[in-house]
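Residue-level listing of the chains:
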Amino acid sequence: MLLHPALSALAADTGDGVEDVIVTANRISQETSRVGDSVTVITAKEQRRSQKTAVSDLLAATPGVTVARNGGLGGTTTLSIRGAESQQTIVMIDGVKLNDPSSASGGFNFADLITTDFAQIEVLRGPQSTLWGSQAIGGVVNIVTPMPEGPLSASYSAEGGTHDTALVRGHVQAGGDRFAWRVSGNYLTSDGISSYSRDLGGLEADSYRNVGFNARGILHITDNVSAEIRSTWSDGRSEYDGFPLRDTPDYGVTEELTTYAGVNFGLFDGRLENRIGFAYTNTDRKDTDPSSTVPTTFDAEGRNERWEYQGTLRITDRVNTIVGLESERSELSTVSPSTFEPNPVPLTGEVQIDSIYAQVNVTPIDALSLSAGVRYDDHDTFGSHTTTRASAAWSVTSTTILRTSYGEGFKAPTLYQLYSQYGNLNLEAEEAEGWDAGVEQHFFAKKLVVSATYFDRDTTNMIDFVTCSTGDTSPNCQGRFGYYDNFQKTNAKGVELAAAAHLTEQLSLTVNYTNMEAENAARGTANYGHELPRRPKETANAQLSYEWPVGLTTTVAVQHAGRSFDKINNLEVLESYTLFDLRASYAVSDSLEVFGRIENAFDEDYTTVKNYGTLGRTFYAGLRQSF
């Protein structure tokens, strides 16, 4: 796993000599050594070596990231970056948001995001709203799909294992001087485990099925003009146990579609690069209880449409500017039928936010890279908001890099928080300020790279639910059980440490450790000073790999999470746990590889969400082949 920009550079420099390039940090392609923000890059090669099925499991092994899942594969999965709420993280595919406008919090459920066809995953930590807009308080996760290219080629992989789990993936691509295309698909099925913990009596296995498809095409109209279209679709069906938590036949189906179409063109001999595009995301969710006389218990659709322009002007070889315009409209429609009200009136709502942003990137000397930006957003409901950011990366010597960044973030009220029966049209945006500073040190011609980063973030004006007491006659409580309001505050700070070592030509080791304090900072509230739920103070990951001369690669991976609490009242403890994975792969030929793994090899009994089950020891084996 590539755990830090330092580790990304190490892997590249000791491999093919080409340093990793990222886009998410500054919306332009940059070498990791010139990025002042804290970024992790996970390459496709590292994903294959990890053999992970869920993207959330892949991300959980990176610094500052914690994951909680309700049961096995397909269970509701939340992800937190540096202690932020799950809904305060933007998740994208090729820069197109996946967050669901129809969910109450507006967050993204990682349950149906599996490791299929991508070139790399970029994890950007810290408030990043200046370039990426609403929700980028904890950070940004951007999945970058491969650029199609010729000649005609294809690959597939197939694996199976415990709980009758089977996964098939494949892609085919081709390209010429003018047009290139790539399509890929996947199918996953598993009998699963009981979402309701077996330790508490859960016996009925909750199955999961996922079908996905991805397509991308690029047409080079002239040397300076190109058009692109790309689309990702997935359909997941997961059984779950209903409320109150017990074995039930409930299941949910989630269909997600993400599409982008755009034109790129250059002016002034390529000094000004322009992109005009349209992005569309649609999330359709439906929950069913087959045992009820009203089987459909929830039906929701969230839609997001965004027009965008971005221009990048290279003023000199050392100065470039980025200017962007965005107009985004979000819509929701939800309904929750019940035996008491089988045909309720659907909740609907829509909102628009128009934005402009600009950033300057300067390299005053070869060893120093600076960036500074500002963004202005105009929201239909709460009005305008301005955010800023700045970062610096300084190669003090050929073996030492210093990094620092400051960023502001905001999260607009969700459509549900504005227009539901608990809605409040007077809500304002959540706001955050954060900074980090770190050092990266190379030893022995980059055979050993170590890094340390300190971060601190304050989030204010957070939206939370207020319960109305009996007899409360305040305007927000009349005739209602409760309402949403801006009153919460949190603080998160800590240290991220990482190291990567090539101990020999065949033996490599990567480790990371995060020590974090994430607390409620709202004075005068009942939970002031309490730890935020499901955010362990300590997390650590390690991976030791050995490449045998015969083409065999073996890996031992360890993941540790310290004690945390299930709820903000800090009454219910989630005990610490340590998981060991054993992996092996064997290259039969240049085009054929067989692999296998044992996850949770010592059958650790652990919990990430109280009363929900987790996978015990599991076994998987498979093969992949390219043509």
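Up top is the structure these notes are about.
Residues numbered from 1 in each chain as written. Predicted model: local features only at pLDDT ≥ 70, side-chain atom pairs only at ≥ 80, totals over all residues. Heavy atoms only, no water.

Student: Sorry, what's going on with the overall build of the chain here?
Tutor: Regarding its fold elements, the chain presents five helices and 33 strands. Its C-alpha atoms give the chain a radius of gyration of 24 Å, within 12% of the compact-globule value 25 Å for 627 residues. Based on the C-alpha atoms only, the size of the chain along its principal axes is roughly 70 × 55 × 50 Å. Per-residue burial for the chain yields a buried fraction of 52% across its 627 residues. Across the chain, the fraction of contacts at a sequence separation of at least 24, relative to all contacts at a separation of at least 6, is 60%. Of the roughly 26,400 Å² of accessible surface on the chain, 56% is carried by carbon and sulfur atoms. (Helix = DSSP H or I, 4+ residues; strand = E, 2+ residues; numbered from the N terminus. Rg over C-alpha atoms; globule rule 2.2 N^0.38 Å. Buried < 20%, exposed > 50% of the residue type's maximum accessible area, 1.4 Å probe, protein only. Contact = heavy atoms within 4.5 Å. Areas by Shrake-Rupley, 256 points an atom, 1.4 Å probe, with all protein chains shown as cover.)

Student: Please explain the pattern of salt bridges as it appears in this structure.
Tutor: Two side chains that carry opposite charge are able to pair once their charged atoms sit near each other. One pass over the full model with this rule turns up 37 salt bridges. Note that arginine 125 is salt-bridged to glutamate 496, the shortest N-O span being 3.5 Å. Here arginine 125, found in strand S8 (residues 120-125), pairs with glutamate 496, found in strand S25 (residues 482-502); they are 371 residues apart in sequence, far enough to count as distant. The two residues arginine 125 and glutamate 496 agree in class, both being buried. Of the charged contacts in the structure, one is a salt bridge between glutamate 328 and arginine 306, with a shortest N-O distance of 3.9 Å. (Salt bridge = Lys/Arg side-chain N within 4 Å of Asp/Glu carboxyl O.)

Student: Please explain the pairing of strand S12 (residues 179-190) as it appears in this structure.
Tutor: Regular strands show a simple pattern: their side chains alternate between the two faces of the sheet. Only one face of S12 is covered, namely the face carrying Ala180, Arg182, Ser184, Asn186, Leu188 and Ser190; the face carrying Phe179, Trp181, Val183, Gly185, Tyr187 and Thr189 is uncovered. Pairing geometry for strand S11 (residues 165-175) and S12, over ten bridges, is antiparallel. Counterpart to valine 168 in the pairing with S12 is tyrosine 187. Where S11 hands over to S12, the hairpin turn is made up of three residues, counted between the paired strands. Of the pairings in the sheet, the one linking S12 to strand S13 (residues 208-220) comprises twelve bridges and is antiparallel in character. The residue of S13 that forms the bridge with phenylalanine 179 is leucine 219. (Pairing = 2+ DSSP bridges.)

Student: Can you help me understand the state of the cysteines in this one?
Tutor: As enumerated under the stated definition, the model contains one disulfide in all. With a sulfur-sulfur separation of 1.9 Å, cysteine 468 is cross-linked through a disulfide to cysteine 477. The sign of the S-S torsion, about -90 degrees, decides the handedness of the disulfide formed by cysteine 468 and cysteine 477: left-handed. The same class applies to cysteine 468 as to cysteine 477, namely buried. (Disulfide = S-S within 2.5 Å.)

Student: When you look at the nonpolar core in this model, what are you seeing that I'm missing?
Tutor: Across soluble globular proteins, nonpolar side chains have a tendency to be buried as a group. Leu59, Leu79, Phe110, Leu113 and Ile121 are the most contacted members of the largest nonpolar core, which has 20 residues in total. Every element with two or more residues in this core is listed here: helix H3 (55-59), strand S4 (65-69), strand S5 (77-81), strand S6 (89-93), S8 and strand S9 (139-144). It is H3 that provides the largest number of residues to this core, a total of three residues. Residue contacts for phenylalanine 110: discarding those within four places in its chain leaves Ser56, Leu59, Thr77, Leu79 and Val91. Counting residues in hydrophobic clusters, the runner-up holds 15 residues, among them Val39, Met92, Leu124 and Trp132. (Core = buried A, V, L, I, M, F, W, Y, C linked by side-chain atoms within 4.5 Å.)

Student: When you look at the packing of aromatic side chains in this model, what are you seeing that I'm missing?
Tutor: Both the distance between ring centres and the angle between the ring planes are used here to describe each pair of aromatic rings. One pass over the full model with this rule turns up twelve aromatic pairs. When the ring of phenylalanine 580 is compared with that of phenylalanine 602, the centres are 5.2 Å apart and the planes differ by 85 degrees; the resulting orientation is edge-to-face. Of the two residues, phenylalanine 580 is situated in strand S31 (residues 577-587) and phenylalanine 602 in the loop between strand S32 (592-599) and strand S33 (618-626); the sequence distance between them amounts to 22 residues. An aromatic cluster is built from Tyr416, Tyr422, Phe465, Phe481 and Tyr484, whose rings are joined through pairwise contacts. Between arginine 27 and the ring centre of tryptophan 132, over which it is positioned, the NZ or CZ distance is 3.9 Å. In this structure, arginine 237 is placed above the aromatic ring of tyrosine 251, and the distance from its NZ or CZ to the ring centre is 4.0 Å. (Phe/Tyr/Trp six-rings, centres within 6.5 Å; stacked < 30°, edge-to-face > 60°. Lys NZ or Arg CZ within 6 Å of the ring centre and 35° of its normal.)

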